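# Structure assessment
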Amino acid sequence: MRIHHLSLLSLIFCYCFLIHRMFDITAVSGQIVEDQQQSLLKLKNGLKFNPEKSRKLVTWNQSIDCCEWRGVTCDEEGLVIGLDLSGESINGGLDNSSTLFKLQNLQQLNLAANNLGSEIPSGFNKLKRLTYMNLSHAGFVGQIPIEISYLTRLVTLDISSVSYLYGQPLKLENIDLQMLVQNLTMIRQLYMDGVSVSAQGNEWCNAL
């Protein structure tokens with residue numbers, strides 16, 4: 001009888017422990033979802049865009065689950081894994097303080113066809129799960145940061161640019177090509193149309 005009582009107590013203890021863990025996991029998961037929704041709202045509030053031309057950002061609303069917002073893709077757990085803000089007439093720049101870089105579960109990011117008018121922030125290196133990043137014709141100017149090469153899961157990277165639209169071209173100058181190539185081992189598609197590259201063809205060949 002004593003053994004039976006001990007077994008029953010053990011089962012009750014295990015059950016209580018599992019229930020407690022489930023509540024903890026649910027609470028943590030709920031907090032993460034809430035945090036990313038707030039990050040997205042802060043991102044929206046920190047961007048300048050034309051509401052009359054916007055079809056995505058203009059619809060983002062606190063009262064609606066962010067996974068239902070246009071341009072936002074979530075996984076089964078409610079984590080934001082995709083963000084498409086292409087063609088949103090965004091201007092006014094993007095820097096390392098942006099809450100965009102708090103969305104560290106992102107796997108796909110599209111900022112194409114905007115007019116940001118700033119350099120590409122080095123903060124992109126925080127989005128280490130990215131497999132697809134499209135910054136083409138987004139209005140970025142100046143030197144492409146070496147931190148882009150830290151996104152080692154990238155399969156597709158598009159940083160194409162048209163210099164006459166944004167005043168100056170994107171540049172890839174005085175950069176360690178060997179490190180760039182060695183880090184981006186998963187790359188299958190790389191688009192750099194319009195990017196000013198200082199390295200000669202033989203340097204690229206040697207690095208590759």
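That block above? That's the structure.
Residues numbered from 1 in each chain as written. Predicted model: local features only at pLDDT ≥ 70, side-chain atom pairs only at ≥ 80, totals over all residues. Heavy atoms only, no water.

### As for the packing of aromatic side chains
Summed over all chains, the structure comprises two aromatic pairs. Plain terms: the ring middles of Phe101 and Phe124 are 5.1 Å apart, the flat faces sit at 80° to each other, and that makes the pair edge-to-face. Of this pair, Phe101 sits in the loop between β4 (90–91) and β5 (108–110) while Phe124 is found in the loop between β5 and β6 (132–134), placing the two residues 23 residues apart along the sequence. Each member of the pair, Phe101 as well as Phe124, is classed as buried. (Phe/Tyr/Trp six-rings, centres within 6.5 Å; stacked < 30°, edge-to-face > 60°. Helix = DSSP H or I, 4+ residues; strand = E, 2+ residues; numbered from the N terminus. Buried < 20%, exposed > 50% of the residue type's maximum accessible area, 1.4 Å probe, protein only.)

### Brief notes about the pattern of salt bridges
Applying the stated criterion across every chain, the model contains one salt bridge. Between Lys56 and Asp84 there is a salt bridge, with the nearest N and O atoms lying 3.3 Å from each other. Taken together, the residues Lys56 in the loop between β1 (48–49) and β2 (72–74) and Asp84 in strand β3 (residues 80–84) connect sequence positions 28 residues apart. Overall, Asp84 belongs to the partly exposed group, its relative accessible area being 28%. (Salt bridge = Lys/Arg side-chain N within 4 Å of Asp/Glu carboxyl O.)

### A few points about the environment of Arg55
Structurally, Arg55 can be placed in the loop between β1 and β2. In this structure, the C-alpha to C-alpha distance between Arg55 and Ser86, residues 31 residues apart in sequence, is 10.0 Å. Ignoring any residue separated from it by four or fewer positions in sequence, one finds Arg55 in contact with Arg70 and Glu88. (Contact = heavy atoms within 4.5 Å.)

### A short note on the sheet that holds strand β10 (residues 189–191)
With mixed pairing, the six strands of this open sheet are ordered in space as β2-β3-β5-β6-β8-β10. Each of the sheet's edge strands pairs with one partner strand only, and the pair in question is β2 and β10. Ignoring strand direction, the axes of neighbouring strands in this sheet form an average angle of 10°. Relative to β5, β3 runs parallel, the two sharing three bridges. (Pairing = 2+ DSSP bridges. Axes fitted to C-alpha atoms, helices over the stretch in contact; angles between N-to-C directions.)

### As for unusual backbone geometry
A positive phi angle, close to 55°, is found at Ser89, a residue other than glycine. Residue position: Ser89 is located in the loop between β3 and β4. We classify Ser89 as partly exposed; its relative accessible area is 23%. Positive phi outside glycine occurs at Ala113, with the angle close to 60°. Mapped onto the secondary structure, Ala113 falls in the loop between β5 and β6. Note on Ala113: relative accessible area 45%, which makes it partly exposed.

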